[in-house]
Amino acid sequence: MRDLLFKNLTSNDRRRKIIASSEIIDKHGVCSTIRRHFICMVKEVKDGQNIEKPAPYLYVLKSHNTKEQREKFFCKIKGSLCAVHKGRLFLVIFMHSLKIDLVAKPQQVH
């Protein structure tokens, strides 16, 4: 069995975009849940000399629990870049996250 959920949200001024998806798969006695998020914001920079870009960021966490038969993985990446469009300077800030949970279903005793 597989359940999918997909969201695509854009602000009215088109300066912020959020894309999220969630996938739940139950196969071979393992339930896996995968969640992805992507957020992107665009800001116009008026003074090209004073661009304060946020520092890049990377976070990774992996955990494994043998007793509960559970495994988790989480990754978050943040960054920014500058872009020029029609002679105007923009700062693009983005964040992407990925979360994966694996859980073994209890075995039925016959």
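How each quantity is defined
Residues numbered from 1 in each chain as written. Predicted model: local features only at pLDDT ≥ 70, side-chain atom pairs only at ≥ 80, totals over all residues. Heavy atoms only, no water. Helix = DSSP H or I, 4+ residues; strand = E, 2+ residues; numbered from the N terminus. Rg over C-alpha atoms; globule rule 2.2 N^0.38 Å. Areas by Shrake-Rupley, 256 points an atom, 1.4 Å probe, with all protein chains shown as cover. Lys, Arg positive; Asp, Glu negative; His and termini not counted. Charge placed at Lys NZ, Arg CZ, Asp CG, Glu CD. Salt bridge = Lys/Arg side-chain N within 4 Å of Asp/Glu carboxyl O. Buried < 20%, exposed > 50% of the residue type's maximum accessible area, 1.4 Å probe, protein only. Contact = heavy atoms within 4.5 Å.

1. Let's talk about the overall build of the chain
Phase 1: Each helix and strand in the chain was counted, giving zero helices and six strands.
Phase 2: Along its sequence from the N terminus, the chain presents helices and strands in the succession β-β-β-β-β-β.
Phase 3: For 110 residues, the compact-globule formula gives about 13 Å, and the C-alpha radius of gyration of the chain, at 20 Å, lies well above that figure.
Phase 4: Referenced to the eigenvectors of the C-alpha coordinate spread, the extents of the chain come out at roughly 70 × 25 × 15 Å.
Phase 5: Summed over its atoms, the accessible surface of the chain is roughly 8,800 Å², and 56% of this surface lies on carbon and sulfur atoms.
Phase 6: Measuring between centres, the 22 positive side-chain charges of the chain sit 2 Å from its 10 negative side-chain charges.

2. A look at the pattern of salt bridges
Phase 1: Scanning the model with the defined rule gives five salt bridges in all.
Phase 2: Between Lys46 and Glu44 there is a salt bridge, with its nearest N and O atoms 3.7 Å apart.
Phase 3: The salt bridge involving Glu68 is made with Arg70; its shortest N-O contact spans 3.7 Å.
Phase 4: Residue Arg70 is classed as partly exposed on the basis of its relative accessible area of 34%.
Phase 5: Because the salt bridges share partners, they merge into one network encompassing Glu44, Lys46 and Arg88.

3. What to know about the environment of Val60
Phase 1: When you line up the elements, Val60 lands in strand 4 (residues 57–65).
Phase 2: Looking at Val60, the relative accessible area reads 47%, which means it is partly exposed.
Phase 3: Beyond its immediate sequence surroundings of up to four residues, Val60 is in contact with Phe73, Phe74 and Cys75.

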